[in-house]
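Residue-level structural notes
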Amino acid sequence: ALSKDPDRAAGWLAEAVDDAFLAGDTERARALGQRALEPGPARPRVLHTLGQVEEFSGSIVRAAELQEEAAREGTGLLRARALHGIVFIRYRLGDMAGMLTAAERLAEVADEADPEQRMLAVYSLGAAETFGGDAARGRELMLRALDLLEGEPTLRDDPRHLVTSILVARWLSDPMVAFGYVPRRMDAARERGALGALAVANTLACW
(Lines give C-alpha, C1' and ligand atoms only; values in the text may rest on other atoms or scores of the structure.)
Protein backbone atom coordinates (compact mmCIF):
# COMPACT_ATOMS: atom_id res chain seq x y z
CA ALA A 1 0.00 0.00 0.00
CA LEU A 2 2.95 2.33 0.56
CA SER A 3 4.60 1.66 -2.80
CA LYS A 4 4.13 4.14 -5.65
CA ASP A 5 5.27 1.51 -8.16
CA PRO A 6 2.18 -0.56 -9.12
CA ASP A 7 4.18 -3.55 -10.39
CA ARG A 8 6.28 -3.67 -7.22
CA ALA A 9 3.17 -3.35 -5.05
CA ALA A 10 1.48 -6.17 -7.00
CA GLY A 11 4.57 -8.35 -6.58
CA TRP A 12 4.61 -7.81 -2.83
CA LEU A 13 0.89 -8.54 -2.65
CA ALA A 14 1.43 -11.78 -4.59
CA GLU A 15 4.12 -12.76 -2.07
CA ALA A 16 1.67 -12.04 0.74
CA VAL A 17 -0.91 -14.33 -0.89
CA ASP A 18 1.72 -17.06 -1.13
CA ASP A 19 2.80 -16.59 2.49
CA ALA A 20 -0.80 -16.66 3.74
CA PHE A 21 -1.36 -19.97 1.93
CA LEU A 22 1.85 -21.51 3.31
CA ALA A 23 0.90 -20.32 6.79
CA GLY A 24 -2.49 -22.03 6.48
CA ASP A 25 -4.55 -18.82 6.52
CA THR A 26 -6.72 -19.64 3.52
CA GLU A 27 -9.30 -16.91 4.17
CA ARG A 28 -6.60 -14.26 4.13
CA ALA A 29 -4.99 -15.81 1.04
CA ARG A 30 -8.32 -15.63 -0.79
CA ALA A 31 -9.00 -12.05 0.31
CA LEU A 32 -5.53 -10.83 -0.66
CA GLY A 33 -5.66 -12.83 -3.87
CA GLN A 34 -8.80 -11.10 -5.09
CA ARG A 35 -6.99 -7.77 -4.70
CA ALA A 36 -4.02 -9.05 -6.70
CA LEU A 37 -5.75 -10.48 -9.78
CA GLU A 38 -5.48 -7.34 -11.89
CA PRO A 39 -3.65 -7.88 -15.21
CA GLY A 40 0.10 -7.60 -14.73
CA PRO A 41 3.29 -9.57 -14.09
CA ALA A 42 2.16 -10.79 -10.65
CA ARG A 43 -1.21 -12.20 -11.79
CA PRO A 44 0.02 -15.73 -12.80
CA ARG A 45 1.65 -16.21 -9.41
CA VAL A 46 -1.57 -15.28 -7.64
CA LEU A 47 -3.59 -17.60 -9.89
CA HIS A 48 -1.23 -20.46 -9.01
CA THR A 49 -1.48 -19.84 -5.28
CA LEU A 50 -5.25 -19.47 -5.35
CA GLY A 51 -5.34 -22.74 -7.27
CA GLN A 52 -3.54 -24.40 -4.38
CA VAL A 53 -5.94 -22.81 -1.89
CA GLU A 54 -8.91 -24.19 -3.81
CA GLU A 55 -7.33 -27.63 -4.12
CA PHE A 56 -6.91 -28.10 -0.39
CA SER A 57 -9.81 -26.07 1.01
CA GLY A 58 -12.31 -25.48 -1.77
CA SER A 59 -13.21 -26.85 -5.17
CA ILE A 60 -10.72 -29.12 -6.93
CA VAL A 61 -12.47 -28.37 -10.24
CA ARG A 62 -11.92 -24.64 -9.67
CA ALA A 63 -8.34 -25.43 -8.65
CA ALA A 64 -7.72 -27.03 -12.04
CA GLU A 65 -9.15 -23.98 -13.82
CA LEU A 66 -6.93 -21.58 -11.87
CA GLN A 67 -3.81 -23.65 -12.48
CA GLU A 68 -4.56 -23.80 -16.20
CA GLU A 69 -4.87 -20.01 -16.25
CA ALA A 70 -1.59 -19.69 -14.39
CA ALA A 71 0.12 -22.06 -16.84
CA ARG A 72 -1.21 -20.11 -19.84
CA GLU A 73 -0.29 -16.69 -18.50
CA GLY A 74 2.91 -17.56 -16.65
CA THR A 75 6.44 -18.23 -17.84
CA GLY A 76 9.50 -19.99 -16.51
CA LEU A 77 9.33 -21.33 -12.98
CA LEU A 78 5.79 -20.09 -12.38
CA ARG A 79 4.50 -21.99 -15.42
CA ALA A 80 6.37 -25.10 -14.27
CA ARG A 81 4.82 -24.87 -10.80
CA ALA A 82 1.35 -24.47 -12.28
CA LEU A 83 1.77 -27.50 -14.56
CA HIS A 84 3.08 -29.52 -11.61
CA GLY A 85 -0.07 -28.48 -9.75
CA ILE A 86 -2.19 -29.75 -12.63
CA VAL A 87 -0.37 -33.11 -12.52
CA PHE A 88 -1.24 -33.47 -8.82
CA ILE A 89 -4.86 -32.43 -9.38
CA ARG A 90 -5.26 -34.96 -12.22
CA TYR A 91 -3.85 -37.66 -9.93
CA ARG A 92 -6.37 -36.75 -7.22
CA LEU A 93 -9.15 -36.96 -9.82
CA GLY A 94 -7.95 -40.39 -10.97
CA ASP A 95 -7.31 -38.99 -14.45
CA MET A 96 -4.38 -41.08 -15.71
CA ALA A 97 -4.36 -39.63 -19.24
CA GLY A 98 -4.69 -36.05 -18.00
CA MET A 99 -1.87 -36.59 -15.53
CA LEU A 100 0.49 -37.83 -18.24
CA THR A 101 -0.49 -35.01 -20.60
CA ALA A 102 0.26 -32.37 -17.98
CA ALA A 103 3.57 -34.05 -17.10
CA GLU A 104 4.58 -34.10 -20.76
CA ARG A 105 3.64 -30.43 -21.14
CA LEU A 106 5.86 -29.65 -18.16
CA ALA A 107 8.76 -31.68 -19.56
CA GLU A 108 8.55 -29.73 -22.82
CA VAL A 109 8.79 -26.27 -21.24
CA ALA A 110 10.98 -26.90 -18.16
CA ASP A 111 14.30 -25.06 -18.14
CA GLU A 112 16.96 -27.72 -17.50
CA ALA A 113 19.29 -25.04 -16.10
CA ASP A 114 16.86 -24.40 -13.22
CA PRO A 115 17.08 -27.17 -10.57
CA GLU A 116 13.50 -26.63 -9.40
CA GLN A 117 12.00 -26.81 -12.88
CA ARG A 118 14.09 -29.89 -13.64
CA MET A 119 12.96 -31.54 -10.41
CA LEU A 120 9.29 -30.75 -11.03
CA ALA A 121 9.48 -32.14 -14.56
CA VAL A 122 11.24 -35.35 -13.55
CA TYR A 123 8.97 -35.88 -10.54
CA SER A 124 5.80 -35.28 -12.57
CA LEU A 125 6.81 -37.71 -15.31
CA GLY A 126 7.83 -40.28 -12.70
CA ALA A 127 4.48 -40.00 -10.93
CA ALA A 128 2.55 -40.23 -14.22
CA GLU A 129 4.53 -43.25 -15.43
CA THR A 130 4.03 -45.04 -12.11
CA PHE A 131 0.33 -44.23 -12.03
CA GLY A 132 0.10 -45.48 -15.61
CA GLY A 133 1.64 -48.84 -14.71
CA ASP A 134 5.32 -48.46 -15.67
CA ALA A 135 6.77 -48.84 -12.19
CA ALA A 136 10.37 -49.38 -13.37
CA ARG A 137 10.46 -46.18 -15.44
CA GLY A 138 8.61 -44.32 -12.71
CA ARG A 139 11.10 -45.43 -10.07
CA GLU A 140 14.06 -44.32 -12.18
CA LEU A 141 12.57 -40.85 -12.61
CA MET A 142 11.47 -40.58 -8.99
CA LEU A 143 14.96 -41.37 -7.69
CA ARG A 144 16.32 -38.59 -9.93
CA ALA A 145 13.73 -36.22 -8.48
CA LEU A 146 14.74 -37.21 -4.95
CA ASP A 147 18.41 -36.57 -5.75
CA LEU A 148 17.48 -33.04 -6.83
CA LEU A 149 15.20 -32.45 -3.84
CA GLU A 150 17.89 -33.44 -1.39
CA GLY A 151 21.01 -32.42 -3.32
CA GLU A 152 20.07 -28.87 -4.33
CA PRO A 153 20.41 -26.42 -1.40
CA THR A 154 17.55 -24.25 -2.68
CA LEU A 155 15.19 -27.25 -2.67
CA ARG A 156 16.42 -29.08 0.40
CA ASP A 157 14.18 -27.50 3.04
CA ASP A 158 11.75 -25.36 1.03
CA PRO A 159 8.27 -25.94 2.55
CA ARG A 160 6.76 -25.60 -0.92
CA HIS A 161 8.18 -29.02 -1.71
CA LEU A 162 7.41 -30.75 1.58
CA VAL A 163 4.35 -32.54 0.19
CA THR A 164 6.20 -33.49 -3.00
CA SER A 165 9.04 -35.00 -0.97
CA ILE A 166 6.60 -37.19 0.98
CA LEU A 167 4.86 -38.31 -2.19
CA VAL A 168 8.21 -39.46 -3.58
CA ALA A 169 8.12 -42.27 -1.03
CA ARG A 170 4.55 -43.07 -2.02
CA TRP A 171 5.47 -43.44 -5.70
CA LEU A 172 8.51 -45.51 -4.80
CA SER A 173 6.26 -47.74 -2.65
CA ASP A 174 8.93 -47.47 0.03
CA PRO A 175 7.86 -45.48 3.11
CA MET A 176 11.25 -46.10 4.74
CA VAL A 177 12.81 -43.72 2.21
CA ALA A 178 10.89 -40.85 3.79
CA PHE A 179 12.41 -41.38 7.23
CA GLY A 180 15.73 -40.16 5.89
CA TYR A 181 14.53 -36.62 5.18
CA VAL A 182 10.88 -35.96 6.02
CA PRO A 183 11.38 -35.29 9.77
CA ARG A 184 14.04 -32.68 8.94
CA ARG A 185 11.83 -31.06 6.31
CA MET A 186 8.85 -30.96 8.65
CA ASP A 187 10.96 -29.35 11.37
CA ALA A 188 12.11 -26.72 8.87
CA ALA A 189 8.50 -26.02 7.88
CA ARG A 190 7.53 -25.61 11.55
CA GLU A 191 10.39 -23.20 12.16
CA ARG A 192 9.25 -21.08 9.22
CA GLY A 193 5.59 -21.11 10.23
CA ALA A 194 4.47 -23.02 7.13
CA LEU A 195 1.47 -24.50 8.94
CA GLY A 196 -0.56 -24.87 5.75
CA ALA A 197 2.08 -27.10 4.21
CA LEU A 198 2.34 -29.05 7.48
CA ALA A 199 -1.39 -29.78 7.57
CA VAL A 200 -1.22 -31.66 4.27
CA ALA A 201 2.19 -33.15 5.03
CA ASN A 202 1.08 -34.61 8.37
CA THR A 203 -1.90 -36.27 6.71
CA LEU A 204 0.32 -37.84 4.04
CA ALA A 205 3.00 -38.82 6.54
CA CYS A 206 0.41 -40.66 8.68
CA TRP A 207 -0.92 -42.40 5.58
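Refer to the preceding data block for the structure.
Here we summarise the structure given alongside this text. (Residues numbered from 1 in each chain as written. Predicted model: local features only at pLDDT ≥ 70, side-chain atom pairs only at ≥ 80, totals over all residues. Heavy atoms only, no water.)

**A few points about empty space enclosed by the protein**
The criterion, for reference: Cavities and pockets were defined on a 1 Å grid built from protein atoms only: a cavity is a group of points that admits a 1.4 Å probe but offers it no way out, a pocket is an open group of points flanked by protein on both sides within 12 Å along at least five of seven lines, and a lining residue is one with an atom within 4 Å of any such point. Grid points are joined across faces, edges and corners, and a volume is the space filled by probe spheres set on the points. The secondary structure listing takes helices from DSSP runs of H or I that are at least 4 residues long and strands from runs of E that are at least 2 residues long, numbered from the N terminus. When residue character is reported, Ala, Val, Leu, Ile, Met, Phe, Trp, Tyr, Cys and Pro are called nonpolar, Asp, Glu, Lys and Arg charged, and the others, Gly included, polar.
Across all of its chains, the model carries 2 cavities of 30 Å³ or more by this definition. Here the largest cavity is characterised by a volume of approximately 440 Å³. Around the largest cavity sit 27 residues that line it, and Phe21, Gln52, His84, Arg160 and Thr164 are the ones nearest its centre. Residue assignment for the lining of the largest cavity shows that the elements contributing at least two residues are helix H1 (6–23), helix H3 (43–57), helix H5 (76–92), helix H7 (115–131), helix H10 (162–172) and helix H12 (195–206). Here the lining of the largest cavity gets 6 residues from one element, more than from any other, and that element is H3. Estimated volume of the second largest cavity: approximately 50 Å³. Every residue lining the second largest cavity is listed: His84, Val87, Phe88, Tyr91, Met99, Tyr123, Ala127, Leu167 and Trp171. Of all the secondary structure elements, the ones that give two or more residues to the lining of the second largest cavity are H5, H7 and H10. Partitioned by chemical class, the residues of the lining of the second largest cavity number 8 nonpolar, 1 polar and no charged.

**Observations regarding the packing of aromatic side chains**
Quick reminder of the rule: Ring pairs shown here join Phe, Tyr and Trp side chains whose ring centres sit within 6.5 Å, with only the six-membered ring taken for Trp; geometry is labelled stacked below 30 degrees between planes, edge-to-face above 60, and tilted in between. Here the term buried applies to any residue with accessible area under 20% of the maximum for its type, exposed to any over 50%, and partly exposed to those in between, with areas from a 1.4 Å probe on protein chains only. Sitting over a ring, as applied to charges here, requires NZ of Lys or CZ of Arg to be within 6 Å of the ring centre and within 35 degrees of the ring normal.
Counting across every chain of the model gives 5 aromatic pairs. Between Tyr91 and Phe131, the ring centres sit 5.3 Å apart and the planes meet at 85°, which makes this aromatic pair edge-to-face. Linking Tyr91 in helix H5 with Phe131 in helix H7, this pair joins segments that are 40 residues apart in sequence. Using a relative accessible area of 17% as the deciding quantity, one classes Tyr91 as buried. Owing to a relative accessible area of 23%, Phe131 belongs among the partly exposed residues under this scheme. Residue placement shows Arg170 over the ring face of Trp171; its charged tip is 4.2 Å from the ring centre.

**A closer look at H10**
Residues three or four positions apart in an α-helix share a direction because the helix packs 3.6 residues into each turn. Convention followed: We call two residues in contact whenever any of their non-hydrogen atoms come within 4.5 Å of each other.
Extensive coverage of H10 is indicated by the burial of 10 of its 11 residues. Burial in H10 covers these residues: Leu162, Val163, Thr164, Ser165, Ile166, Leu167, Val168, Ala169, Trp171 and Leu172. Structurally, H10 contributes buried residues whose contacts are with H5, helix H6 (96–109), H7, helix H8 (135–151), helix H11 (182–191) and H12. One or two steps after H10, the chain reaches Ser173, where phi turns positive at roughly 55°.

**Some remarks on the packing of helix H4 (residues 60–73) against H5**
Inclusion rule: Fitted lines through C-alpha atoms give the axes, limited to the stretch in contact for helices. The angle between two N-to-C directions lies from 0 to 180 degrees. Note on terminology: angles under 35 degrees are roughly parallel, angles over 145 are roughly antiparallel, angles of 65 to 115 are roughly perpendicular, and the others are oblique. The crossing is said to be left-handed when, going from far helix to near helix, the turn is anticlockwise and less than a right angle, and right-handed when the turn is clockwise.
Interaxial distance between H4 and H5 falls to 8 Å at its minimum, and their mutual angle equals 155°. By the angle class used here, H4 and H5 are roughly antiparallel. The interaxial crossing formed by H4 with H5 has left-handed handedness. Residues Ile60, Ala63, Ala64, Gln67, Glu68, Ala70 and Ala71 of H4 form the contact with H5, whose participating residues are Leu78, Arg79, Ala82, Leu83, Gly85, Ile86, Ile89, Arg90 and Arg92.

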